[in-house]
Amino acid sequence: QVQLVESGGGLVQAGASLRLSCEPTERTFSSYNMGWFRQAPGKEREFVAAIMWTGGSTAFADSLKGRFTISRGKAKNTVYLQMNNLKPEDTAVYYCAADAPKTIISRTASSYAYWGQGTQVTVSS
């Protein structure tokens with residue numbers, strides 16, 4: 001049962017920006033830590049970014065710092081991933097996921113119990 005829905009993906013040229021959104025479908029995740037992961041063809045799913053349920057702490061993959069930001073909406077139920085200066089190697093399916101309301105942000109996919117179906121991001125050179 002899908003409980004999260006991602007949107008905002010698409011086909012862009014290198015250097016462009018995209019903002020992905022993640023919204024719940026049947027329940028609130030305002031008190032959950034939220035994360036974004038991505039999976040490119042033939043590769044394992046990798047951590048992109050995460051934000052604590054309070055919105056006060058974030059984490060990013062080292063290779064993405066400075067280009068990607070993560071935030072929560074005012075009601076903390078929607079999560080956004082702002083992606084700037086996109087590169088062809090950013091091409092992947094991007095997934096939103098919800099973890100429990102922990103005090104530590106997890107970078108491990110297995111920690112996240114709820115997942116969306118993903119949104120495709122394709123960056124052309």
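Each remark here, short or long, concerns the structure printed above.
Let us look at the structure shown here. (Residues numbered from 1 in each chain as written. Predicted model: local features only at pLDDT ≥ 70, side-chain atom pairs only at ≥ 80, totals over all residues. Heavy atoms only, no water.)

Turning next to the pattern of salt bridges. Under the criterion given, the structure shown has 5 salt bridges. Here Asp 62 ties to Lys 65 by a salt bridge, and the two come within 3.6 Å at their closest N and O atoms. A relative accessible area of 60% places Asp 62 in the exposed class. Overall, the relative accessible area of 52% leaves Lys 65 in the exposed class. In this structure, the salt-bridge partner of Asp 99 is Lys 102, at a minimum N-O distance of 3.3 Å. When salt bridges that share partners are traced, they join Arg 38, Glu 46, Arg 67 and Asp 90 into one network. (Salt bridge = Lys/Arg side-chain N within 4 Å of Asp/Glu carboxyl O. Buried < 20%, exposed > 50% of the residue type's maximum accessible area, 1.4 Å probe, protein only.)

A separate point is the pairing of strand β1 (residues 4-7). Along β1, the buried face is formed by Leu 4 and Glu 6; none of Val 5 and Ser 7, which line the opposite face, is buried. Looking at chain direction, β1 and strand β3 (residues 18-24) are connected through 4 bridges and run antiparallel. Within β3, the residue paired with Leu 4 across the bridge is Pro 24. (Helix = DSSP H or I, 4+ residues; strand = E, 2+ residues; numbered from the N terminus. Pairing = 2+ DSSP bridges.)

That is the geometry; function is a separate question.
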